[in-house]
Amino acid sequence: MSSQIDHLLDEDRRFAPDPAFTAQAVATAELYERAKADRLGFWGDEARELLTWSKPFTEVLDWSNPPFAKWFADGELNVAYNCLDRHVEAGNGDRVALLWEGEPGDSRRITYAELTDEVKRVANVLAGLGVGEGDRVAIYLPMIPEAVAAMLAVARVGAIHSVVFGGFSADSLRSRIDDAGAKLVITADGGYRKGKVSALKPAVDQALADRNGSGVQETVEHVLVVKRGGNDVEWTEGRDLWWHDVVPEAPADHVAQGFPAENPLFILYTSGTTGKPKGILHTSGGYATQTAFTHKNVFDLHPESDVYWCTADIGWITGHSYVVYGPLANGATQVLYEGTPDAPHPGRWWEIVEKYGVTVLYTAPTAIRSFMKIGRAVPHRFDLSSLRVLGSVGEPINPEAWVWYRSVIGADRTPVVDTWWQTETGAIMVSALPGITETKPGSAQVALPGISVDVVDEEGAHVGNGNGGLLVITEPWPSMLRGIWGDPERFVETYWEKFADKGGFYFAGDGARLDEDGDVWLLGRVDDVMNVSGHRLSTAEIESALVAHEATAEAAVVGASDETTGQAVVAFVIIKESYLAEHAPEGLANDLRLWVGEQIGPIARPRDVYIVGELPKTRSGKIMRRLLRDVAEGREVGDTTTLADTAVMSVISAQVK
Ligand code: PRX
């Protein structure tokens, strides 16, 4: 990490806001003043201004039992109503909500009135299936309009969605369905990825396959299936229903009932430091407030004229907050794209920007770096002049990628906002505001109005400008996670215990540095969580997938820095002697890579699997991943004095070569 810090310290390029942009900017410097003068009053005002409440709240925050926060607790609202009906009622029913582009080139334009109609029908279908307040619904869909409609319909009836990224395996889906006790699964036959139909329904079938004797009680009663891929699927009569059979038939009248602000809205599973993904729980009023606030101010949203595009999949938090809830609560018109950036050609994204006149683009550094690699000729074949704000999220953006983004995609003109946040924070926490902040390539810069963060040492003391430490959030915020589904102890232990004596510092798990101006520079995770292409992966989860293979005796996984993906998964595996006695070792490393892909999902597949004779361990048996990371990154191996056997690293280095 130190070389990275040195490099960042040299970064002194600055980009002042363009006065013409500032003159029309949605955000104002006064937001910071207002929030500073009265933080809770500020959030109360924003909640009232941005949302429609069926019952007004009287108290903004109840923090009497930290870390269990209640925001706007006695208020009531329907989040789906806020994203849909009220725009129609305000006369904006004809405004396009979704400009959907399928990977093969088919497209659909869906207005707010049409989306509202569809969601009402789906809500009626859900109610007919007995899905109501507090029930859990798993959603395993490609990036199609029905995914957005499904999420909103679940929210509308007061149920809780758990979206599982379509790239996850049947096993991953099953553990998420079981953990949440889902009553319904909404899926598709398949979706398009890289020019082919990638099937989804078979994974659902496999996840729900006969569990007699497994000890797990089946909670799923129905599977609602959207036809998208046209691929053949198996059918379980009585359990499976086609969306196109039931949704168009259902009535389009559905009155959105208000639910308490602290009603759960969704669970989203994310990787932590243990092998078991945690179900991050978000509730309604605070989450909707902060996603709407940040979407409006960070992206300078002018809903009547902007065409916004966030490239994230709805399977991730970015898709929840900045494809579904933030943009739709704000009445934005947005692009929704089904496929990959390079299918069927490497200019696909830029073609979409040109086709729809995208004005605000929000994507991840990993995508920017892979476009950099291809070169500017590809984007420059398209007219990108509509772009006026560019956003980045998911991992630290290196200054070169930031500057390339601004200059090549943004014609040396558009503000770039690097937004730091997490599944747990629900919405953006640290970011420049376009038109307001003088930007610095590589830095997420400042906490948003109403948000309090700090960089502290191991004891929780402020490090002071010019120093590095751990990022903490020092005050509760509206869209904060309310817990880990079914595991309140893990919630307290993971995020709040480290600085318990500070009276409520949230430990984010990220390293950060404050520069001389007090701006924040993120330096990556400080725990055993990896970040590959902006996706969070746990070393422990991949290790446990590796040891589940019959060949593996022991495994250690590290995140090694990678030019394109930020980090890459590198595994060191010891093979059982009994296995080697009966099998040839050829091809085994690759088999193990593919195995991890099958167990968890292709995103978790290691870049490299090294078969080694031993792993570096301390005398107490703890694996020293730091040393393995040195090997994986091709560096000289660091201090080995605490190893039980100090010679082991030279053996491993030789085996890796
Ligand atoms: O390490 C930080 C990194 O992504 C982690 C959160 O991952 P996830 O919950 O999957 O959410 C990703 C999308 C919000 C953080 O702990 N991260 C996210 N954004 C940034 C970032 N690191 C540096 N700069 C960012 N802008």
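Under an unreviewed UniProt entry, the name given to the protein is Acetyl-coenzyme A synthetase, and the source organism is Microbacterium candidum. The UniProt entry for the protein carries this comment under Catalytic activity (unreviewed entry): "acetate + ATP + CoA = acetyl-CoA + AMP + diphosphate".

1. Topic: helix H13 (residues 317–329)
Of all 13 residues in H13, 13 are buried, a share of seventy percent or more. Note on H13: the residue one or two positions beyond its end, Gly331, has a positive phi of about 70°.

2. Here's the deal with the domain arrangement of the protein
Assigned domains within the protein: domain 1 (13–83 + 279–469 + 478–485), domain 2 (108–252) and domain 3 (533–656). On the domain 3 side, the residues contacting the 10 residues of domain 1 number nine residues. Carbon and sulfur atoms supply 46% of the area that domain 1 and domain 3 bury against each other, a total of about 750 Å² over both sides. Between the two partners, domain 1 and domain 3, sit one salt bridge. Of the charged contacts, one joins Arg536 and Glu424 as a salt bridge, the two residues approaching to 2.9 Å between their closest N and O atoms. Counting across the interface, domain 1 meets domain 3 through six residue pairs in polar contact (both at pLDDT 80 or more). Split by residue class, the side of domain 1 that touches domain 3 holds one nonpolar, five polar and four charged.

3. Observations concerning the packing of helix H7 (residues 112–128) against helix H8 (residues 145–156)
Contact geometry for H7 and H8: axes closest at 8 Å, N-to-C directions at 60°. One way to sum up the angle between H7 and H8 is to call them oblique. The element H7 and its partner H8 pack so that their crossing is right-handed. Side by side, H7 and H8 meet where Leu115, Glu118, Val119, Lys120, Val122, Ala123 and Leu126 of the first sit next to Glu146, Val148, Ala149, Leu152, Ala153, Val154 and Arg156 of the second. Classifying every residue of the contact of H7 with H8 by side-chain character gives 10 nonpolar, no polar and four charged.

4. Concerning the nonpolar core
By size, the foremost hydrophobic cluster in this structure holds 158 residues, and its most contacted members are Leu115, Leu152, Ile186, Tyr325 and Ile542. When residues in this core are grouped by element, the largest group, nine residues, is from H8. Aside from chain neighbours lying at most four places away, what touches Tyr325 is Val79, Cys83, Met151, Leu152, Ala155, His161, Leu265, Phe266, Tyr287, Thr291 and His320. If you look at the next biggest cluster of nonpolar residues, it comprises 31 residues, including Phe15, Trp350, Ile352 and Val358.

5. Comments concerning the sheet that holds strand E12 (residues 240–242)
Read across the sheet, eight strands follow the order E12-E11-E8-E6-E7-E14-E15-E23 without closing on themselves; strand pairing throughout is mixed. With one partner strand each, in any of the chains shown, E12 and strand E23 (483–484) form the two edges of the open sheet. Where strand E15 (residues 278–283) meets E23, two bridges bridge the pair, whose relative direction is antiparallel. In the sheet register, Ile280 faces E23, and the bridge partner there is Ile484.

6. Some thoughts on the sheet that holds strand E22 (residues 468–473)
Pairing is antiparallel across the open sheet formed by four strands, whose spatial order is E21-E22-E24-E25. Of all strands in the sheet, those bounded by a partner on one side alone are strand E21 (453–456) and strand E25 (520–525). Ignoring strand direction, the axes of neighbouring strands in this sheet form an average angle of 45°. As defined by bridge partners, strand E24 (residues 506–514) adjoins E25 across five bridges and the pair is classed as antiparallel. Bridging across to E25, Gly511 finds its partner in Gly524.

7. Brief notes about the side chain of Glu11
With respect to the helices, strands and loops of the structure, Glu11 is situated in the loop between helix H1 (2–9) and helix H2 (19–24). Since its relative accessible area comes to 9%, Glu11 is described here as buried. In terms of polar contacts, Glu11 uses its side chain to reach the side chain of Arg13, at 2.8 Å. For Glu11, the residues in contact, after removing those within four places along its chain, are Pro399, Pro441 and Trp521.

8. A look at the site of the ligand
Among the 17 residues in the neighbourhood of the ligand, the closest are listed as Thr419, Thr423, Asp510, Arg525 and Arg536. Between a nitrogen atom of the ligand and a main-chain N or O atom of Gly394, the distance comes to 3.1 Å. A distance of 2.6 Å separates an oxygen atom of the ligand from a polar side-chain atom of Asp510. Taken by itself the ligand offers 540 Å² of open surface, and the protein chains cover 97% of this. The set of elements that each furnish at least two residues to the shell around the ligand consists of H13, strand E20 (416–419) and E25. In the shell around the ligand, the residues fall into six nonpolar, six polar and five charged.

9. Here's the deal with the UniProt feature "modified residue: N6-acetyllysine" (unreviewed entry) in the protein
Within this structure's numbering, the places UniProt gives as "modified residue: N6-acetyllysine" (unreviewed entry) are Lys622. Within the secondary structure, Lys622 sits in the loop between strand E30 (608–611) and helix H21 (625–632). Beyond its immediate sequence surroundings of up to four residues, Lys622 is in contact with Pro616 and Lys617.

So, how was this worked out
- Residues numbered from 1 in each chain as written.
- Predicted model: local features only at pLDDT ≥ 70, side-chain atom pairs only at ≥ 80, totals over all residues.
- Heavy atoms only, no water.
- UniProt positions renumbered as here; feature names shortened; annotations may be inferred.
- Buried < 20%, exposed > 50% of the residue type's maximum accessible area, 1.4 Å probe, protein only.
- Helix = DSSP H or I, 4+ residues; strand = E, 2+ residues; numbered from the N terminus.
- Domains from an automatic or database assignment.
- Contact = heavy atoms within 4.5 Å.
- Buried area = accessible area lost by both parts, 1.4 Å probe.
- Salt bridge = Lys/Arg side-chain N within 4 Å of Asp/Glu carboxyl O.
- Polar contact = N/O pair within 3.5 Å; in protein donor to acceptor, adjacent residues only side chain to side chain.
- Nonpolar A, V, L, I, M, F, W, Y, C, P; charged D, E, K, R; others polar.
- Axes fitted to C-alpha atoms, helices over the stretch in contact; angles between N-to-C directions.
- Parallel < 35°, antiparallel > 145°, perpendicular 65-115°, else oblique.
- Left-handed = near helix turned anticlockwise from the far one by under 90°.
- Core = buried A, V, L, I, M, F, W, Y, C linked by side-chain atoms within 4.5 Å.
- Pairing = 2+ DSSP bridges.
- Near = heavy atom within 4 Å.
- Areas by Shrake-Rupley, 256 points an atom, 1.4 Å probe, with all protein chains shown as cover.

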